[in-house]
Amino acid sequence: MTSQPIFITDMEHDASNDAETKKALEKLALDPPCSMPWQHILVDRSGDVSVCCLNSYVVGNLHDAPLEDLWNGPSMCELRRRFLNHDYSSCSVRCPFVLARVKAGKAQKNT
């Protein structure tokens, strides 16, 4: 068994029934959020699923639910809503995206 997490990128998120997400994305076109929750997923050795190694928010576990259910599930949608509102409180300040926002005065240090 590998000790490195498995990365899966460019998965599709079906936002067709999520009018709130569509509206927020249009509104944030000039100040886009981190795109990781829409394009990326990380699975660690224990099966925990998150969007990157610098984000502590776990959306679920592959031992409890299939990947597609986690990708489109309520926990991932909640994380996407947080990011749409520029809430990166679950992210490390070591994240280049968060660090750039802090330096630009667009975000506060959260962790």
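Our structure is the block above this text.
Here's what I pulled together on the structure shown here. This one's a predicted model, so the numbers in the text were calculated from it and none came from an experiment.

## Observations concerning empty space enclosed by the protein
Then step 1. A complete count under the given rule lists one cavity of 30 Å³ or more for this structure.
Then step 2. By volume, the largest cavity is sized at about 40 Å³.
Then step 3. Forming the walls of the largest cavity are Cys34, Met36, Cys52, Asn55, Phe83, Tyr88, Cys91, Cys95, Phe97 and Val98.
Then step 4. Its residues placed into classes, the lining of the largest cavity shows nine nonpolar, one polar and no charged.

## What to know about the packing of aromatic side chains
Then step 1. Scanning all chains against the criterion turns up two aromatic pairs.
Then step 2. Seen in terms of ring centroids, phenylalanine 83 and tyrosine 88 are 4.9 Å apart; in terms of plane orientation they differ by 70 degrees. Their pairing is edge-to-face. Judged on exposure class, the residue phenylalanine 83 and its partner tyrosine 88 are both buried.
Then step 3. Members of the aromatic cluster, connected to one another through ring pairs, are Phe83, Tyr88 and Phe97.
Then step 4. Arginine 80 extends its terminal NZ or CZ atom over the ring of tryptophan 71, reaching a point 4.7 Å from the ring centre.

## Concerning the nonpolar core
Then step 1. If you look at the biggest cluster of nonpolar residues, it comprises 20 residues, and the most contacted ones within it are Val49, Met76, Leu79, Phe83, Tyr88 and Val98.
Then step 2. At the level of elements, strand 2 (40-43), helix 3 (67-71), helix 4 (74-84) and helix 5 (96-103) are the ones that each hand at least two residues to this core.
Then step 3. Counting residues per element, this core draws most heavily on helix 4, at four residues.
Then step 4. Setting aside chain neighbours within four positions, we find valine 98 in contact with Tyr88, Cys91, Ser92 and Val93.

Definitions and cut-offs
Residues numbered from 1 in each chain as written. Predicted model: local features only at pLDDT ≥ 70, side-chain atom pairs only at ≥ 80, totals over all residues. Heavy atoms only, no water. 1 Å grid on protein atoms, 1.4 Å probe; cavity = no way out; pocket = protein on both sides within 12 Å on 5 of 7 lines; lining within 4 Å. Points joined across faces, edges and corners; volume = space filled by probe spheres on them. Nonpolar A, V, L, I, M, F, W, Y, C, P; charged D, E, K, R; others polar. Phe/Tyr/Trp six-rings, centres within 6.5 Å; stacked < 30°, edge-to-face > 60°. Buried < 20%, exposed > 50% of the residue type's maximum accessible area, 1.4 Å probe, protein only. Lys NZ or Arg CZ within 6 Å of the ring centre and 35° of its normal. Core = buried A, V, L, I, M, F, W, Y, C linked by side-chain atoms within 4.5 Å. Helix = DSSP H or I, 4+ residues; strand = E, 2+ residues; numbered from the N terminus. Contact = heavy atoms within 4.5 Å.

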